[in-house]
Amino acid sequence: MGEGSDFYAYKWNTVLYTNDIDGDISGVENQEALFKIYDIPGSGHPAGYTYAWIMNDEDYLYAVLDFTPDNTFDGDKDYASLYIDTPSGVKAFTVSESQKEWGAP
């Protein structure tokens with residue numbers, strides 16, 4: 001992931017919403033997803049969709065990811081990283097069982 005990578009675009013204030021950072025996605029499931037991609041994992045997990053919702057409030061950008069093929073709890077082996085292309089370069093925000101600075105898995 002770097003300067004030449006492709007990114008989904010989100011325009012600030014497109015979706016105004018304040019999201020609780022608690023791992024519960026029920027507040028966004030009825031909103032239009034930024035993307036919905038059908039995945040066929042090579043890990044033995046079942047095929048399914050990965051969804052992303054992006055929104056903001058007055059101060060923060062929120063991202064909600066749902067990996068429906070992942071039907072197991074694997075501790076720190078389960079993680080998600082969101083890469084944001086900023087004017088000062090690409091920044092990564094990772095969430096896992098041990099990394100909760102940016103949210104809850």
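Our structure's up above, just so we're on the same page.
Rules of the game
Residues numbered from 1 in each chain as written. Predicted model: local features only at pLDDT ≥ 70, side-chain atom pairs only at ≥ 80, totals over all residues. Heavy atoms only, no water. Core = buried A, V, L, I, M, F, W, Y, C linked by side-chain atoms within 4.5 Å. Buried < 20%, exposed > 50% of the residue type's maximum accessible area, 1.4 Å probe, protein only. Helix = DSSP H or I, 4+ residues; strand = E, 2+ residues; numbered from the N terminus. Contact = heavy atoms within 4.5 Å. Pairing = 2+ DSSP bridges. Axes fitted to C-alpha atoms, helices over the stretch in contact; angles between N-to-C directions. Phe/Tyr/Trp six-rings, centres within 6.5 Å; stacked < 30°, edge-to-face > 60°. Patch = residues over 30% accessible without salt bridge, like charges linked within 9 Å, V, L, I, M, F, W, Y side chains within 5 Å. Areas by Shrake-Rupley, 256 points an atom, 1.4 Å probe, with all protein chains shown as cover. Salt bridge = Lys/Arg side-chain N within 4 Å of Asp/Glu carboxyl O. Lys, Arg positive; Asp, Glu negative; His and termini not counted. Charge placed at Lys NZ, Arg CZ, Asp CG, Glu CD. Polar contact = N/O pair within 3.5 Å; in protein donor to acceptor, adjacent residues only side chain to side chain.

An account of the nonpolar core is requested, with residue identities and associated values reported.
Soluble globular proteins tend to bury their nonpolar side chains together. Core analysis: the largest hydrophobic core is formed by six residues, namely I25, V28, W53, M55, Y62 and V64. Secondary-structure elements contributing two or more residues to this core are β2 (48-56) and β3 (61-67). Those residues within four positions of I25 in sequence are excluded, and the remaining contacts are W53, V64 and D66.

Before we move on, could you go through the sheet that holds strand β1 (residues 35-39) and cite the residues and values that matter?
Ordered by their spatial adjacency, three strands build an open sheet running β1-β2-β3, and the pairing between neighbours is antiparallel. Two strands close off the open sheet at either side, each with one partner strand: β1 and β3. The mean angle between the axes of side-by-side strands here comes to 15 degrees, regardless of whether they run parallel or antiparallel. In the sheet, β1 pairs with β2 via five bridges, with the strands oriented antiparallel. Its bridge partner being in β2, D39 is matched across the sheet by G48.

Lay out the environment of D39 with the relevant residues and their values.
The topology assignment puts D39 in strand β1. Taking the C-alpha atoms as reference points, D39 and P69, separated by 30 residues in sequence, lie 7.4 Å from one another. Those residues in contact with D39 that lie beyond four places of it in its chain are A47, G48, Y49, T50 and P69.

Tell me what's going on with the packing of aromatic side chains, and back it up with residues and numbers.
Scanning the entire structure with this criterion turns up six aromatic pairs. With a centroid separation of 4.6 Å and 25 degrees between ring planes, the pair formed by Y8 and F35 is classed as stacked. Note that Y8 is positioned in the segment before β1 and F35 in strand β1, a separation of 27 residues in sequence. The interplanar angle of 90 degrees and the centroid separation of 4.8 Å between the aromatic rings of F93 and W102 together place this pair among those described as edge-to-face. By relative accessible area, which is 24% here, F93 ends up partly exposed. Among the aromatic residues, those joined into a ring-pair cluster are Y38, Y49, Y51 and W53.

Give a detailed account of a negative patch on the surface, specifying residues and quantitative values.
Together, D20, D22, D24 and E29 give the surface a local cluster of negative charge. Its location among the elements puts E29 in the segment before β1. With a relative accessible area of 46%, E29 lands in the partly exposed category.

Quick rundown of the side chain of S96? Include the residues and the values.
With respect to the helices and strands, the residue S96 is situated in strand β5 (residues 89-96). Classification of S96 by relative accessible area gives buried; the value is 2%. A distance of 3.4 Å separates polar atoms of two side chains, one belonging to S96 and the other to D76. Once residues lying within four places of it in the same chain are set aside, the contact partners of S96 are D76, D78, Y79 and P105.

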